[in-house]
Amino acid sequence: MIKVTIYNEYLHERASERVAKVYPHGIHEALKENLTDEDISVKTVTLDNVEDITDELLADTDVFMWWGHKAHEKVPDEIAVRVQQACLAGMGMIFLHSGHHSKPFKLLMGTPCNLSWREDGDREYLWVCDPSHPIVQGIGNYIKLEHEETYGEPFMIPEPDKLIFIGNYEGGEAFRSGCCYRRGYGKIFYFQPGHETFPTFYHPDVIRVLKNAIRWAVSDYRGVLECPHIKKIEE
Ligand code: ZN
């Protein structure tokens with residue numbers, strides 16, 4: 001069983017009727033319902049109980065998924081570092097949409113992770129860059145989303161180890177919408193769709209990508225982050 005923990009700050013859904021209509025029980029509950037599978041079990045955490053992200057929880061998590069937007073600063077630094085360290089030790093991480101500005105993502109990337117954006121519900125095509133990659137199995141050449149928030153380049157991230165999707169919007173913009181990284185022993189996937197006012201996390205192809213990404217990011221290996229002094233093994 002792959003153990004997934006989802007963090008969602010869960011503020012927009014309680015502050016906006018428009019968002020609550022799309023995600024009545026929060027983005028985390030929609031993700032939990034749609035991602036739970038024969039081989040995937042899901043726990044959730046919100047900003048209200050962010051202190052529950054302990055070393056014990058992280059040690060018991062194979063893949064951590066992160067959605068945040070307007071309260072990145074309210075996540076305590078020590079929790080962000082805890083998540084970063086767990087990823088470096090081998091825990092998989094999936095950052096969704098506006099998670100590009102979350103503390104753990106910025107710690108893991110080491111760059112500002114800024115981008116250009118416009119919120120007017122553009123149609124988006126997500127073009128598959130490498131059909132052989134495990135994350136896009138079962139997907140055609142592209143995913144079409146009727147409405148998404150527009151994210152545009154330049155996206156201030158390190159060069160991805162592997163680019164999985166290029167997003168293209170009605171307004172003409174392009175964006176690196178699916179990026180894979182390895183940091184320490186951990187695998188990381190950034191996935192751009194998922195604005196709170198659109199039903200993106202119910203789209204069958206989006207759910208398929210996220211399940212594929214969970215199965216790709218999981219690792220049985222959890223290393224120890226140390227820098228030991230060693231003795232030579234032969235005299
Ligand atoms: Zn957004």
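Sequence positions are assigned chain by chain, starting from 1 and proceeding in written order. Side-chain atom pairs in this predicted model are given and counted only at pLDDT of 80 or more, local residue features only at pLDDT of at least 70, and totals for whole chains, interfaces and linings cover all residues. Values shown for side chains rest on all heavy atoms present in the structure; no hydrogens or waters enter the calculation.

### Overview of the pattern of salt bridges
Argument step 1. Whenever a carboxyl oxygen of Asp or Glu lies within 4 Å of a side-chain nitrogen of Lys or Arg, that contact is scored as a salt bridge. Counting across every chain of the model gives twelve salt bridges.
Argument step 2. For D39, the salt bridge goes to R215, with nearest N and O atoms at 2.8 Å. Linking D39 in the loop between α3 (27-35) and β2 (40-46) with R215 in helix α7 (residues 204-217), this pair joins segments that are 176 residues apart in sequence.
Argument step 3. The residue R118 makes a salt bridge to D122 at a minimum N-O spacing of 2.7 Å.
Argument step 4. Only protein chains enter the accessibility calculation, which uses a 1.4 Å probe; a residue is then buried when its area is under 20% of its type maximum, exposed when over 50%, and partly exposed in between. Classification of R118 by relative accessible area gives partly exposed; the value is 28%. Helix numbering and strand numbering both begin at the N terminus, where a helix is a DSSP run of H or I of at least 4 residues and a strand a DSSP run of E of at least 2.

### Comments concerning the coordination of the zinc ion
Argument step 1. Think of the donor list as every N, O and S atom within 2.8 Å of the metal, or within 3.2 Å for Na, K and Ca; water never makes the list, so a site can look incomplete. For the zinc ion, the full set of protein donor atoms is H97 (NE2), E149 (OE) and H195 (ND1), at a range of 2.0 to 2.1 Å.
Argument step 2. Linear spacing of the donor residues for the zinc ion on their chain is H-x51-E-x45-H. Pair noted here: E149 is in strand β6 (residues 142-152) and H195 is in the loop between β9 (186-191) and α7, with a separation of 46 residues, a long-range link. Of the two residues, E149 and H195, neither departs from the other in class, the shared state being buried.

### Focus on the sheet that holds β2
Argument step 1. Taken together, the nine strands give an open sheet; going across it, the order is β2-β1-β3-β4-β9-β8-β7-β5-β6, and neighbouring strands pair in mixed fashion. Pairing within the sheet leaves two strands with one partner each, and these edge strands are β2 and β6. Direction aside, neighbouring strands of the sheet carry axes that sit 25 degrees apart on average.
Argument step 2. What makes two strands pair is DSSP finding at least two bridges between them. Note: strand β7 (residues 162-169) against strand β8 (residues 174-183), six bridges, orientation antiparallel. Bridge pairing links L163 to C179 in β8.
Argument step 3. Residue contacts are counted whenever heavy atoms from the two residues lie within 4.5 Å of one another. Axis angles are defined between N-to-C directions and span 0 to 180 degrees, where every axis is a line fitted to C-alpha atoms and, for a helix, only to the segment in contact. Those strands touched by α3 are β1 (2-8), β2, β3 (63-67) and β4 (92-96), and its axis lies near 175 degrees from that of β2.
Argument step 4. Contacts from helix α5 (residues 77-88) reach β3, β4, β8 and β9 within the one sheet, and its direction differs from that of β9 by about 120 degrees.

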